[in-house]
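# Structural features, examined
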Amino acid sequence: MSITRRQFIVSSSAIAAASAYDLRAVLTAAQTPAQAPPATAFATIRGTVGYFTGQGGTIGYPLDKQGIVVVDSQFPATAKICLDGLNERSGSRPIDYLINTHHHGDHTAGNATFRPVTKKILAQVNCPRLQLEAAAKAARSAKPGSPPPAEQVGANATFENTWRDKVGGETMALKYYGPAHTGGDAVVTFEKANVVHMGDLVFNRRHPFIDKPAGASIANWIKTLEAVVADHRKDTIYIYGHAGPKFEPTGASADLFYMRDYLTALLEFVRGEMKAGKPRDVIVKITDPLKGFPDHGPLVERVLSAAYEELAG
Ligand SMILES: [Zn+2]
């Protein structure tokens, strides 16, 4: 099935529905969208690299006098707040690259806000297709009489396995490690600052969203986290797409290993329940916390069903 540009334009209510879906998966009730404007904050990480939190996936950026890269774009409202803040810091320089770590709405819905001032929107080659498919799916399930369409903007430059470029005083390196959180995740390294944006490959102490329809693989996600640590240094600082309420959106390799261990335990747990002969509809309703991972709280259906699907083949 080919998806036309026209189908990429979906109604704003459909986007809202898709966004709400993503957010249900990744946010607590305290962070539920709409009504009051969300709390936003900028923070410095190291060297020229900082991050911005608002609504949706953490935005990361290196910014100096010669170049700016923005990683992920959240939703239009907080994308505007982020862009205004970056303009203040840069004297309104154009953005050299906007990178999407993957296609989910809480990482790409702000692309339209950044596009007029951005030279290139870059993502892994599978990402724009997955974004089109998710938007088309949301449009199909939109209620009749929904508000008029708003435009979705996808990447206009893609890479398959790696991409490297110098931007200002920083060198960025992107790498695709195979399917994990989705079928098109990019890991973004800022080499000079020694900071890595993980996108949603790390949900720091929070049950993740595992997007099986978009090609997610828990088994390869586990391998990816090990490979990312092996590719970087002991003192590398990592940025996470999402974190639990009491946890930080940045940290060290220990958090990546914790995420690896959580995913391993999740697969092992579901494998055990399947071996014990329990049917799918019983397994996915289990709400005990995953043993050894109390910070995540009770198990949730979305991770259990993803693990079941992966193990059942
Ligand atoms: Zn995501």
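Everything numeric in this text was worked out from a predicted model, so none of it was measured.

### Some thoughts on the overall build of the protein
On a plain count of helices and strands, the protein comes out with ten helices and 17 strands. Expressed as a percentage of its 313 residues, the buried residues of the protein come to 54%. Residue pairs in contact within the protein that sit at least 24 positions apart in sequence constitute 68% of those at least 6 positions apart. Here the protein has roughly 13,800 Å² of accessible surface; of this, 55% comes from carbon and sulfur atoms.

### Re the packing of aromatic side chains
In this description, an aromatic ring pair is defined by two values, namely the gap between the centres and the angle between the planes. Under the defined criterion, the tally for this structure stands at five aromatic pairs. Here the aromatic rings of Phe42 and Tyr61 are separated by 6.1 Å at their centres, their planes lie at 70 degrees, and the arrangement is edge-to-face. Remark: Tyr61 occurs in strand 4 (residues 59–64) and Phe42 occurs in strand 2 (residues 41–46); sequence separation between them is 19 residues. Measuring from ring centre to ring centre gives 6.1 Å for Tyr97 and Trp163, while their planes differ by 85 degrees; the resulting arrangement is edge-to-face. With Tyr97 in strand 6 (residues 95–100) and Trp163 in strand 10 (residues 162–167), this residue pair connects regions lying 66 residues apart in the sequence. Tyr97 sits in the buried class, given a relative accessible area of 4%. Note on Trp163: relative accessible area 22%, which makes it partly exposed. Each residue in the set Phe42, Phe52 and Tyr61 is aromatic and connected to the rest through ring pairs, giving one cluster. The ring of Phe42 has Arg89 sitting right over it, with the charged end atom 4.0 Å from the ring centre. Seen from the ring of Tyr258, Arg205 lies directly overhead, with NZ or CZ sitting 3.9 Å from the centre.

### Section: the pattern of salt bridges
Tallied over the full model, the rule gives 13 salt bridges. A network of salt bridges, in which partner residues are shared, links Glu226, Arg260 and Asp261.

### Here's the deal with the pairing of strand 5 (residues 67–71)
Among the five residues of strand 5, five are classified as buried, and the element is accordingly described as predominantly covered. Both faces of strand 5 are covered, namely the face carrying Gly67, Val69 and Val71 and the face carrying Ile68 and Val70. As defined by bridge partners, strand 4 adjoins strand 5 across three bridges and the pair is classed as antiparallel. Directly across from Gly60, in strand 5, lies its bridge partner Val71. Counting the residues in the hairpin turn of strand 4 and strand 5 gives two residues. Relative to strand 6, strand 5 runs parallel, the two being bridged by three bridges. Counted as the bridge partner of Val69 is Tyr97 from strand 6. Considered for its hand, the β-α-β crossover made up of strand 5, helix 3 (residues 76–90) and strand 6 is right-handed.

### Observations concerning unusual backbone geometry
Here the phi dihedral of Gln74 falls at roughly 50 degrees; this positive angle occurs in a residue that is not glycine. Relative to the assigned elements, Gln74 resides in the loop between strand 5 and helix 3.

### Let's talk about the coordination of the zinc ion
Each pair of donors in an ideal four-coordinate tetrahedral metal site encloses 109.5 degrees, whereas pairs in an ideal six-coordinate octahedral site enclose 90 or 180 degrees. Around the zinc ion, the protein contributes the donor atoms His102 (NE2), His104 (ND1), His181 (NE2) and Asp200 (OD), at 2.1 to 2.2 Å from the metal centre. One way to put it: the four donor atoms around the zinc ion meet at angles of 86 to 172 degrees, and that makes the site irregular. Positions of the donor residues of the zinc ion along the chain correspond to the pattern H-x1-H-x76-H-x18-D. In this pair, His104 is assigned in the loop between strand 6 and helix 4 (105–108) and Asp200 in the loop between strand 13 (195–197) and strand 14 (203–204), connecting sequence segments 96 residues apart. Residues His104 and Asp200 agree in their burial class; the two are buried.

### A few points about the pairing of strand 10
In the case of a regular strand, side chains alternate between the two sheet surfaces. As paired strands, strand 10 and strand 11 (residues 170–175) are joined by six bridges and run antiparallel to one another. Across the sheet, Arg164 pairs through a bridge with Ala173, a residue of strand 11. Taking the residues that link successive antiparallel strands as the turn, the strand 10-strand 11 hairpin has two residues, and the phi of Gly168 there is positive, at about 60 degrees.

### Some thoughts on the sheet that holds strand 9 (residues 157–159)
With mixed pairing, seven strands are arranged side by side in an open sheet as 2-3-4-5-6-7-9. What marks the edges here is a single partner per strand, and that holds for strand 2 and strand 9. Looking at each pair of strands side by side, their axes are set apart by 25 degrees on average, direction ignored. Seen against the sheet, helix 3 touches strand 2, strand 3 (49–53), strand 4, strand 5 and strand 6 and runs at an angle of roughly 15 degrees to strand 4.

### Topic: the nonpolar core
Ranked by size, the top nonpolar core spans 38 residues in total, and within it Met198, Leu256 and Leu266 carry the most contacts. Among the elements of the structure, helix 7 (218–231), helix 8 (253–275) and helix 10 (301–312) are those that each provide at least two residues to this core. The element best represented in this core is helix 8, accounting for eight residues. Aside from chain neighbours lying at most four places away, what touches Leu266 is Ile210, Ile218, Leu290, Leu299, Val303, Leu304 and Ala307. Counting 21 residues, the second largest nonpolar core, distinct from the first, contains Tyr51, Ala157, Phe159 and Leu174.

Criteria and thresholds
Residues numbered from 1 in each chain as written. Predicted model: local features only at pLDDT ≥ 70, side-chain atom pairs only at ≥ 80, totals over all residues. Heavy atoms only, no water. Helix = DSSP H or I, 4+ residues; strand = E, 2+ residues; numbered from the N terminus. Buried < 20%, exposed > 50% of the residue type's maximum accessible area, 1.4 Å probe, protein only. Contact = heavy atoms within 4.5 Å. Areas by Shrake-Rupley, 256 points an atom, 1.4 Å probe, with all protein chains shown as cover. Phe/Tyr/Trp six-rings, centres within 6.5 Å; stacked < 30°, edge-to-face > 60°. Lys NZ or Arg CZ within 6 Å of the ring centre and 35° of its normal. Salt bridge = Lys/Arg side-chain N within 4 Å of Asp/Glu carboxyl O. Pairing = 2+ DSSP bridges. Right-handed = clockwise from strand over helix to strand, strands pointing away. Donors = N, O, S within 2.8 Å, 3.2 Å for Na, K, Ca; no water. Tetrahedral: all angles 85-135°; square planar, octahedral: opposite > 155°, others 65-115°. Axes fitted to C-alpha atoms, helices over the stretch in contact; angles between N-to-C directions. Core = buried A, V, L, I, M, F, W, Y, C linked by side-chain atoms within 4.5 Å.

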